[in-house]
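One letter stands for each residue in the lines below.
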Amino acid sequence: MQQIIEFRINPELYPSVKKRFKRRGNQKIYYFPGFLLLIWLIISVIRFGDLIPFFYGVVFCLPFTLLTFVTNRQIKKELITYRFIVNDKGIEHIGAGVNFKFIEWVDMDYFEKEEEIWVIDTSVSSFIRWFTWNGVIIIPNEIEDREALLQILDAKKVEYGSKQLVK
């Protein structure tokens, strides 16, 4: 019989995880067009005395500003559906808007980095993991039953003889 354990992010801690997701997604770059639009408004009113150049700036910057709101909504939806499923074969990462990821226990290694647990697939080269994020599952520390997950990962690491990372 297959044992399945599901881990989710603690709903009370969504704000701290959301902030980290935004940082990872480089969402701040979406605010840059809004900043440019504000500067363009000030320059167009002071220098040209009319608002016609400003409207060209609005047409250029509006799609980027709307993209920011869409990204915020997607991050919230992603956090609510974020799950990590541990079964007899390996660990899975499932969520809305997230690519399905699965790492078998035989190829699994993990380490704690800053505010997260990184579970990696040692059968995937480190360059591919870095470049495409294939073979990497990042688990935030705000997950419910974090200690239980770490105990499972330690037990599987010992059971399957994890390969050591070359850093």
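Our subject is the structure listed above.
The sections below set out a description of the structure shown in this document.

Reading the values: the criteria
Residues numbered from 1 in each chain as written. Predicted model: local features only at pLDDT ≥ 70, side-chain atom pairs only at ≥ 80, totals over all residues. Heavy atoms only, no water. Core = buried A, V, L, I, M, F, W, Y, C linked by side-chain atoms within 4.5 Å. Buried < 20%, exposed > 50% of the residue type's maximum accessible area, 1.4 Å probe, protein only. Helix = DSSP H or I, 4+ residues; strand = E, 2+ residues; numbered from the N terminus. Contact = heavy atoms within 4.5 Å. Salt bridge = Lys/Arg side-chain N within 4 Å of Asp/Glu carboxyl O. Pairing = 2+ DSSP bridges. Axes fitted to C-alpha atoms, helices over the stretch in contact; angles between N-to-C directions.

## Description of the nonpolar core
Working step 1: I91, V119, I139, L149 and L153 are the most contacted members of the largest nonpolar core, which totals 23 residues.
Working step 2: Mapped by element, the contributors of at least two residues to this core are helix 3 (52–81), strand 2 (83–86), strand 5 (108–113), strand 6 (116–121), strand 7 (136–140) and helix 5 (146–160).
Working step 3: In terms of residue count, the dominant contributor to this core is helix 5 (four residues).
Working step 4: Aside from chain neighbours lying at most four places away, what touches I139 is F84, I91, E116, I117, V119 and L149.

## Considerations on the pattern of salt bridges
Working step 1: Tallying each qualifying case throughout the model produces five salt bridges.
Working step 2: Here E6 makes a salt bridge to R8, at a shortest N to O gap of 3.0 Å.
Working step 3: Judged by its relative accessible area of 39%, E6 is partly exposed.
Working step 4: Across the pair E112 and R146 runs a salt bridge, and its minimum N-O distance is 2.5 Å.

## Quick notes on the sheet that holds strand 7
Working step 1: Overall, antiparallel pairing links the three strands, which are arranged 5-6-7 in an open sheet. Sheet topology places strand 5 and strand 7 at the edges, where each strand pairs with a single neighbour. Across the sheet, the mean angle separating the axes of adjacent strands is 20° when strand polarity is ignored.

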